[in-house]
Amino acid sequence: MAGAKEIRTQIRSIGNTRKITKAMEMVAASKMRRAQDRMNAARPYASRIRGVVAHLAHAHPEYRHPYTVERDEVKSVGYIVVSSDRGLCGGLNVNVFRKAIAAMAEWQESGTPVKVAVIGRKASAFFKRFSAEVVSETTDLGDTPELEELIGAVKVMMDGYLEGTIDRLYIVSNEFVNTMTQSPVTEQLIPVKPEQQEALTHHWDYLYEPDSKEVIDLLMDRYIESLVYQSVSENSACEQAARMVAMKSATDNAGKLIDDLKLAYNKARQAAITQELSEIVGGAAAV
Amino acid sequence: MSTIQVEIVSAEEEIWSGEGTMVFAPGVAGELGIAPKHTPLITQLKPGDVRVSLENGEQQFFFISGGILEVQPHLVTVLSDTALRGDDLDEEAARQAMKQAEERLKDSSADDKDYADMKAELAAYAAQIRAIEKLKKLRN
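Keep in mind that this is a model prediction, so the values were computed, not measured.

K.L.:
Whenever I open this one, the environment of D211 of chain A confuses me. Can you help?
P.N.:
Residue and element names in this part refer to chain A. Of note, D211 is situated in the loop between β6 (207-209) and α6 (212-286). Using a relative accessible area of 34% as the deciding quantity, one classes D211 as partly exposed. With 28 residues separating them along the chain, D211 and E239 place their C-alpha atoms 42 Å apart. Within the local environment of D211, its side chain forms a polar contact with the backbone nitrogen of K213, the two atoms lying 3.1 Å apart.

Right under this line is the structure:
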């Protein structure tokens, strides 16, 4: 019966694991819905501010914000890498890192140094072991990422651009395609790519208060921040979706494993009984 | 009575949207009153109340911690900040990031490579804070 007992312990331990993965799956499912709501709630702001920025790109001649000016020579680039704080979400973070590293390696091969701002604990741990210079980081955003927590890390990069220590800024994060699919994407944040806009029927410009430079500076900072916030909130929805799927398959696998073990356990039990019986029969015959 | 579409949004959510007859907002250069068919305007807002007068005579109040106001003849958009913002922000953020790095340094002093990385990081943040302080002095 020794084999059977061991198997029974194993079944119990896998059963406990399955309970945990099942619970995590359900928690992730409910969190995902809220994360998706948050992701959608951020859209009106982003679309409004994008509209204003697009119009400014066409309308304003006297002051051009540095973010809208493409630099001829790229001496150094910056990357913002968005990751989750916690693991157990399948290949979500690894996919982003792989994408980021492939892009960074290309820059580094051509002798362009790369600076990284990491968001999320996973990225922070990962980029410690990578040759790029980590200039800022923010972690522990939790399930409800707030813009406030991102400002510092993003500001370091934006200041870097204004001071000329980086000439381009990209962000790498996950795009929420649907519950089953999240794909890593790289987006260029700075210089801001001018949006295609329908032809203006007549030329008009805003009144600026207090003056155009101040307002535009403020607006561009908010614009970049809102793009980063959107990536982060989208990544958070991706994290929950990925975790839900990963935990579902873990639960399924645990179930399969338990079925197999049960079969083995029953076989072992049966074999033990048969053996005992034949021993008794053999013993009786001997007497 | 003519009305104007008002949208109040923050980076994290849509706060309010509807029709109003008049919008009052705390611009940095003074309180603004926006009536329908106002000329296009864009301005910075300081922390304060945004008031929207509705057609039925009621008023809606919203507290915002600063932001940007965009006016088009038929549309007023308040891009509200979600946090109090100021010029000291860079400094505060850098300080916080430095604190985070410092704490990590304490945690993993056993690991030499991590320790070296952390020291470099810390130096970068320290340099940043110095730069910001210098800038501040220049401004004042």
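K.L.:
What exactly am I supposed to notice about the packing of aromatic side chains here?
P.N.:
Note on aromatic pairs: each is described by the distance of the centres and the angle between the planes. Residue and element names in this part refer to chain A. Scanning all chains against the criterion turns up 8 aromatic pairs over all chains. An angle of 20° between the planes, with centres 5.1 Å apart, marks the rings of Y79 and Y170 as stacked. A residue pair is termed long-range when its members are at least 10 positions apart, and Y79 in strand β1 (residues 77-82) and Y170 in strand β4 (residues 168-176) qualify at 91 residues. For the residue pair Y79 and Y170, the accessibility class agrees, reading buried in each case. The interplanar angle of 85° and the centroid separation of 5.8 Å between the aromatic rings of F97 and F127 together place this pair among those described as edge-to-face. Of the two residues, F97 is situated in helix α3 (residues 92-109) and F127 in helix α4 (residues 121-127); the sequence distance between them amounts to 30 residues. Owing to a relative accessible area of 6%, F97 belongs among the buried residues under this scheme. Taken together, the aromatic side chains of Y79, W107 and Y170 make up a single cluster linked through ring pairs. The ring of Y161 carries R71 above its face, with NZ or CZ at 3.9 Å from the centroid.

Parameters at a glance
- Residues numbered from 1 in each chain as written.
- Chains lettered and ligands numbered in written order.
- Predicted model: local features only at pLDDT ≥ 70, side-chain atom pairs only at ≥ 80, totals over all residues.
- Heavy atoms only, no water.
- Helix = DSSP H or I, 4+ residues; strand = E, 2+ residues; numbered from the N terminus.
- Buried < 20%, exposed > 50% of the residue type's maximum accessible area, 1.4 Å probe, protein only.
- Polar contact = N/O pair within 3.5 Å; in protein donor to acceptor, adjacent residues only side chain to side chain.
- Phe/Tyr/Trp six-rings, centres within 6.5 Å; stacked < 30°, edge-to-face > 60°.
- Lys NZ or Arg CZ within 6 Å of the ring centre and 35° of its normal.

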